[in-house]
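# Notes for the structure review
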Amino acid sequence: MSHLRPPFTASSAHEKVKAAQALWNTRNAAKVAQAYTPDTIWRNRDRFMKGREEVEAFLKEKWAKEHRYVLRKELFAFTDNKIAVQFFYEWNERADAKGQWWRTYGLEDWTFTDSGQMRKRQMSGNDVAISEQDRWFKDGVDVEAVEIGEEHL
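Residues numbered from 1 in each chain as written. Predicted model: local features only at pLDDT ≥ 70, side-chain atom pairs only at ≥ 80, totals over all residues. Heavy atoms only, no water.

This part is about the overall build of the protein chain. On a plain count of helices and strands, the protein chain comes out with three helices and six strands. Taken from N to C terminus, the helices and strands of the protein chain fall in the order α-α-β-β-α-β-β-β-β. The C-alpha radius of gyration computed for the protein chain amounts to 15 Å, which stays within 12% of the reference 15 Å derived for 153 residues, consistent with globular compactness. Residues counted as buried form 45% of the 153 residues belonging to the protein chain. A separation of at least 24 residues holds for 55% of the contacts in the protein chain among residues at least 6 apart in sequence. Of the roughly 8000 Å² of accessible surface on the protein chain, 51% is carried by carbon and sulfur atoms. On the protein chain, the mean spot of the 25 positive side-chain charges and the mean spot of the 25 negative ones are 4 Å from each other. (Helix = DSSP H or I, 4+ residues; strand = E, 2+ residues; numbered from the N terminus. Rg over C-alpha atoms; globule rule 2.2 N^0.38 Å. Buried < 20%, exposed > 50% of the residue type's maximum accessible area, 1.4 Å probe, protein only. Contact = heavy atoms within 4.5 Å. Areas by Shrake-Rupley, 256 points an atom, 1.4 Å probe, with all protein chains shown as cover. Lys, Arg positive; Asp, Glu negative; His and termini not counted. Charge placed at Lys NZ, Arg CZ, Asp CG, Glu CD.)

What follows covers the packing of aromatic side chains. Two aromatic rings are characterised by how far apart their centres lie and by the angle between their planes. Summed over all chains, the structure comprises 14 aromatic pairs. A centroid spacing of 5.6 Å and a plane angle of 75° characterise the contact between F88 and W136, whose relative ring orientation is edge-to-face. Remark: W136 occurs in the segment after strand 6 (118-130) and F88 occurs in strand 4 (residues 82-92); sequence separation between them is 48 residues. On the accessibility criterion, F88 (0% relative accessible area) is buried. A relative accessible area of 16% places W136 in the buried class. Each member of the aromatic cluster is reached from another via a ring pair, and the members are W24, Y36, W42, F58, W63, Y69, F87 and Y89. (Phe/Tyr/Trp six-rings, centres within 6.5 Å; stacked < 30°, edge-to-face > 60°.)

To continue, consider empty space enclosed by the protein. Scanning the entire structure with this criterion turns up two cavities of 30 Å³ or more. If you trace the second largest cavity, you find it lined by W24, N44, K62, Y69, L71, K73, F87, Y89, E108, R121 and M123. Looking at the lining of the second largest cavity, the elements that each hand over two or more residues are strand 3 (67-78), strand 4 and strand 6. Looking at the lining of the second largest cavity, the element that brings in the most residues is strand 3, giving three residues. In terms of residue class, the lining of the second largest cavity is made up of six nonpolar, one polar and four charged. (1 Å grid on protein atoms, 1.4 Å probe; cavity = no way out; pocket = protein on both sides within 12 Å on 5 of 7 lines; lining within 4 Å. Points joined across faces, edges and corners; volume = space filled by probe spheres on them. Nonpolar A, V, L, I, M, F, W, Y, C, P; charged D, E, K, R; others polar.)

This part takes up the pattern of salt bridges. Counted according to the given criterion, the structure contains 17 salt bridges. Between R119 and D39 there is a salt bridge; the shortest N-O distance is 3.7 Å. A residue pair is termed long-range when its members are at least 10 positions apart, and R119 in strand 6 and D39 in strand 1 (residues 36-44) qualify at 80 residues. With its nearest N and O atoms 2.7 Å apart, the salt bridge here joins E108 to R121. In this pair, E108 is assigned in strand 5 (residues 101-112) and R121 in strand 6, connecting sequence segments 13 residues apart. Residue class for E108 comes out buried when judged on its relative accessible area of 4%. Each of R68, E90, R103, E132, R135 and D139 takes part in one network of salt bridges that share partners. (Salt bridge = Lys/Arg side-chain N within 4 Å of Asp/Glu carboxyl O.)

See below:
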């Protein structure tokens, strides 16, 4: 991912988004945090964070609650050093997946340094309760193969 740095083109912005998707789907908070600058600034819904340590702690807490987390990100727009992303992820409130399933819809605004690390991330999202039958990202599915209709994009 280090070769993906500003100024972005349509191709490199798309590649950066998909690299971030793959990284987040590891659910490895320490590894994900390394994609951000040491002094990164985040807003995630109503929480504000600064620095990798706060981001890593937040991600550990997040993934301790969001079981069976699977994410898909789509490029929404870009400029030289900014990328906007539309995303969808699904998760269950219980580790055994016998609780309520949720789909989170949202938008992110990313700003990058010249080196390609993310300096700022702002996220707005909404959680929607879904049934097991309504899940897009069932176990083993290729998230890229799921057709997401216009009503969701």
